[in-house]
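# A look at the structure
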Amino acid sequence: QVQLVESGGGSVQAGGSLRLSCAASGTIFGRSTMGWYRQAPGEQRKFVASTTSGGITDSADSVKGRFALFRDNAKKTFSLQIINLKPEDTAVYYCNAKGSLPGPFDYWGQGIQVTVSS
């Protein structure tokens, strides 16, 4: 069974930084595309950033230039650091693991709140 557990959320002032971590259990981590998504109140869940098992990174325009991803396959951890936080970064952030070997899988963490105050 796969579990993704997020940590590191909280409240921060605009201009600050935050690092979210995702700890994974199970055996899929090494062959997963790991991603972060976020959902603001009243909005749909949106893609933030991801990295494939081969290290290819993608990100949303909203965080370009302000984020960094850290992936440790040995420890099965995946982290997102965002600098220069803005009030519009306020959302529940979700860790995601998806892949297709040996069959398609798509797992989500429970989510963690990030609140940025101006």
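Read on for an overview of the structure.

Reading the values: rules and limits
Residues numbered from 1 in each chain as written. Predicted model: local features only at pLDDT ≥ 70, side-chain atom pairs only at ≥ 80, totals over all residues. Heavy atoms only, no water. 1 Å grid on protein atoms, 1.4 Å probe; cavity = no way out; pocket = protein on both sides within 12 Å on 5 of 7 lines; lining within 4 Å. Points joined across faces, edges and corners; volume = space filled by probe spheres on them. Helix = DSSP H or I, 4+ residues; strand = E, 2+ residues; numbered from the N terminus. Nonpolar A, V, L, I, M, F, W, Y, C, P; charged D, E, K, R; others polar. Pairing = 2+ DSSP bridges. Axes fitted to C-alpha atoms, helices over the stretch in contact; angles between N-to-C directions.

For the rest of this paragraph, the subject is empty space enclosed by the protein. Inspection of every chain in the model, using the stated rule, returns 1 cavity of 30 Å³ or more. One number sums up the size of the largest cavity: a volume of about 40 Å³. What lines the largest cavity is simply Leu 18, Leu 20, Leu 80, Ile 82, Leu 85, Tyr 93 and Val 114. For the lining of the largest cavity, the elements supplying multiple residues, two or more each, are strand S3 (18-24) and strand S8 (77-82). A breakdown of the residues in the lining of the largest cavity according to their chemical character gives 7 nonpolar, no polar and no charged.

Okay, the sheet that holds strand S7 (residues 67-72) next. Taken in spatial order, the 4 strands of this open sheet run S1-S3-S8-S7, and their pairing is antiparallel. Each edge of the sheet is formed by a strand with only one pairing partner; in this case those strands are strand S1 (4-7) and S7. Across the sheet, the mean angle separating the axes of adjacent strands is 15 degrees when strand polarity is ignored. When S7 meets S8, the two strands line up antiparallel, connected through 6 bridges. Opposite Ala 68, over in S8, you have Gln 81 as the bridge partner.

Note that every value here comes from positions in space, so none of it alone points to a role or purpose.
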